Amino acid sequence: MTEAPRLSVVVPLYNEALNIEAFFQRLVPVLDGLDLRWEVVCVDDGSRDDTLAALLRLRQRYPRIKVIGLSRNFGKERALSAGLAHARGDAVIPIDADLQHPPEVIPEMLAKWRDGYDVVYAVRRRRTGQSWLGRMQARAFYWVFDKLSEVPLPREVGDFRLLDRKVVEVINSMPERTRFMKGIFAWVGFRQTGVPYEQEERQHGTSRWQFMRLLSFAFDGLVAFSDYPLRVWALIGSIISGFAFFYIVVRLVRTMLYGIDVPGYESIIVIMLFLGGVQLITLGILGHYIGRVFNEVKGRPLFIVRERYGFDDDQPATAADGAISTVTQPE
Ligand code: UDP
Ligand code: MG
């Protein structure tokens, strides 16, 4: 067995064929300048272009690049989980392949790690290519998340960060299917610190994060880290019941004093519609949590590996709840 690497860089890739060459042109010199053993674990997240082929070509030039091909597109969060499960380094750094995360920050992260920090996250100094609306959405999301969840999220921080081996082990052992990575990274705790970086524009292709996807991602994150949306209806229900009781008394007294007046249709309709609406919202929220429980209970693998290149044979066959369907192709 080859000696374990000190540093693993984990790259999830989905249709990044155009970016790969430029990305490794920048990454490899940085890693070579570090003076420690490194590996790059590339996870091809079921790309439909020739990302996988390009990675395999690169492997001939840089044998320290390892490649995992997932059986279909599982999404960035799960691709990252697959990469973390296969990384062997004492420090692990997830990074995007679109060059929005400058590899030049890696030496600074390592310096902080050597100072004794377990998690060193990269903090965006400025968001490029993001609209005013996008920024407001992000701000609203963080505000709500901090109010509702038990762990605050550091601002302007993505998945680009250094994780110590012990943090990676904890994350690998977390069984949940909904991988809201930002939340998980914050939730595990440990000694955390940040280093600043400038985010660049995406090189080729478009980000897959359109408005509705982002919205549902934000909601998933909230549901995964807070049961407040579930509980808040008890409070709202009590308040509404309080008003209803007050109104009942008013109507009774009125009837006793002035007799029955037949018109009253509007008030009945308004109250019925309002309560009906509140009940439907409540049901919807309940449904969301039940759906989550349903997904977790099924216990399906987080990701499915179709092929692996460059890994030792003695690596565990079912790392971190993933499923591996074919034999590894060793170096
Ligand atoms: N990615 C992935 N699977 C997906 C979508 C994206 O592995 O289903 C990868 C993508 O190739 C890139 C990283 O995740 O390396 C970040 O994706 P993107 O640039 O679309 O997201 P953003 O930068 O807008 O957060
Ligand atoms: Mg990007």
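As a reminder, the structure under discussion sits directly above these lines.
What counts and what doesn't
Residues numbered from 1 in each chain as written. Chains lettered and ligands numbered in written order. Predicted model: local features only at pLDDT ≥ 70, side-chain atom pairs only at ≥ 80, totals over all residues. Heavy atoms only, no water. Helix = DSSP H or I, 4+ residues; strand = E, 2+ residues; numbered from the N terminus. Buried < 20%, exposed > 50% of the residue type's maximum accessible area, 1.4 Å probe, protein only. Contact = heavy atoms within 4.5 Å. Areas by Shrake-Rupley, 256 points an atom, 1.4 Å probe, with all protein chains shown as cover. Core = buried A, V, L, I, M, F, W, Y, C linked by side-chain atoms within 4.5 Å. Patch = residues over 30% accessible without salt bridge, like charges linked within 9 Å, V, L, I, M, F, W, Y side chains within 5 Å. Salt bridge = Lys/Arg side-chain N within 4 Å of Asp/Glu carboxyl O. Axes fitted to C-alpha atoms, helices over the stretch in contact; angles between N-to-C directions. Parallel < 35°, antiparallel > 145°, perpendicular 65-115°, else oblique. Nonpolar A, V, L, I, M, F, W, Y, C, P; charged D, E, K, R; others polar. Donors = N, O, S within 2.8 Å, 3.2 Å for Na, K, Ca; no water. 1 Å grid on protein atoms, 1.4 Å probe; cavity = no way out; pocket = protein on both sides within 12 Å on 5 of 7 lines; lining within 4 Å. Points joined across faces, edges and corners; volume = space filled by probe spheres on them. Polar contact = N/O pair within 3.5 Å; in protein donor to acceptor, adjacent residues only side chain to side chain.

A. Geometry of the overall build of the protein chain. The number of helices and strands found in the protein chain is ten helices and ten strands. Looking at the protein chain as a whole, 44% of its 331 residues qualify as buried. Restricting to contacts in the protein chain with at least 6 residues of sequence separation, those with at least 24 account for 80%. With an accessible surface of roughly 17,600 Å², the protein chain has 62% of that area assigned to carbon and sulfur atoms.

B. Representation of the nonpolar core in the model. Leu-7, Phe-24, Leu-31, Val-40, Ile-106 and Met-109 are the most contacted members of the largest nonpolar core, which has 40 residues in total. Filtering out sequence-adjacent residues up to four positions away, Leu-7 remains in contact with Leu-31, Leu-34, Leu-36, Arg-37, Trp-38, Glu-39, Gly-89, Ala-91, Ile-93, Ile-106 and Leu-110. With 39 residues, the next largest nonpolar core counts Val-10, Ala-85, Val-157 and Ile-184 among its residues.

C. Expanded view of a nonpolar patch on the surface. Together, Phe-246, Tyr-247, Val-250, Tyr-265, Ile-269, Val-270, Ile-271, Leu-273, Phe-274 and Leu-275 give the surface a local cluster of nonpolar side chains, amounting to about 970 Å² of exposed area. Those elements that place two or more of their residues in the nonpolar patch are α9 (228-258) and α10 (265-298). It is α10 that provides the largest number of residues to the nonpolar patch, a total of seven residues. Summarising the element assignment, Ile-271 is placed in helix α10.

D. Geometry of the packing of helix α8 (residues 211-225) against α10. With their axes 11 Å apart at the nearest point, α8 and α10 run at an angle of 75 degrees to one another. The orientation of α8 relative to α10 falls into the category roughly perpendicular. Across the interface between the two elements, Phe-219, Asp-220, Val-223 and Ala-224 of α8 pack against His-288, Tyr-289 and Arg-292 of α10. Each residue belonging to the contact of α8 with α10 can be placed in one class, and the counts come to four nonpolar, one polar and two charged.

E. Highlighting the coordination of the magnesium ion (ligand 2). Protein ligation of the magnesium ion (ligand 2) involves Asp-98 (OD) and Gln-100 (OE1), the donor distances falling in the range 1.9 Å. Exposure class is identical for Asp-98 and Gln-100. Each is buried.

F. Expanded view of empty space enclosed by the protein. Across all of its chains, the model carries one cavity of 30 Å³ or more by this definition. Each pocket or cavity is described by its volume, and for the largest cavity that value is around 40 Å³. In terms of lining, the largest cavity is formed by Leu-153, Pro-154, Val-157, Arg-161, Lys-182, Phe-185 and Ala-186. Where the lining of the largest cavity is concerned, the elements lending two or more residues are β6 (157-164) and α7 (181-187). Looking at which element gives the most residues to the lining of the largest cavity, the answer is α7, with three residues. When its residues are assigned to classes, the lining of the largest cavity shows five nonpolar, no polar and two charged.

G. Inspection of the environment of Tyr-14 at higher detail. Here Tyr-14 is to be found in the loop between β1 (7-13) and α1 (17-32). Judged by relative accessible area, which is 16%, Tyr-14 ranks as buried. Taking C-alpha positions, Tyr-14 is 9.9 Å from Asp-98, a pair spaced 84 residues apart along the chain. A distance of 2.8 Å separates the side chain of Tyr-14 from the side chain of Arg-48, its partner in a polar contact.

H. Just the pattern of salt bridges, in detail. Tallied over the full model, the rule gives ten salt bridges. The residue Glu-307 makes a salt bridge to Arg-306 at a minimum N-O spacing of 2.4 Å. Ionic contacts of the salt-bridge type, sharing partners, join the residues Lys-76, Asp-96 and Asp-159 into one network.

I. Highlighting unusual backbone geometry. For Leu-99, which is not a glycine, the phi torsion comes out positive at approximately 65 degrees. Assignment of secondary structure puts Leu-99 in the loop between β4 (91-94) and α4 (106-114). At Phe-190, a residue that is not glycine, the phi angle is positive and equals roughly 70 degrees. Locating Phe-190 in the fold gives a position in the loop between α7 and β7 (192-197).

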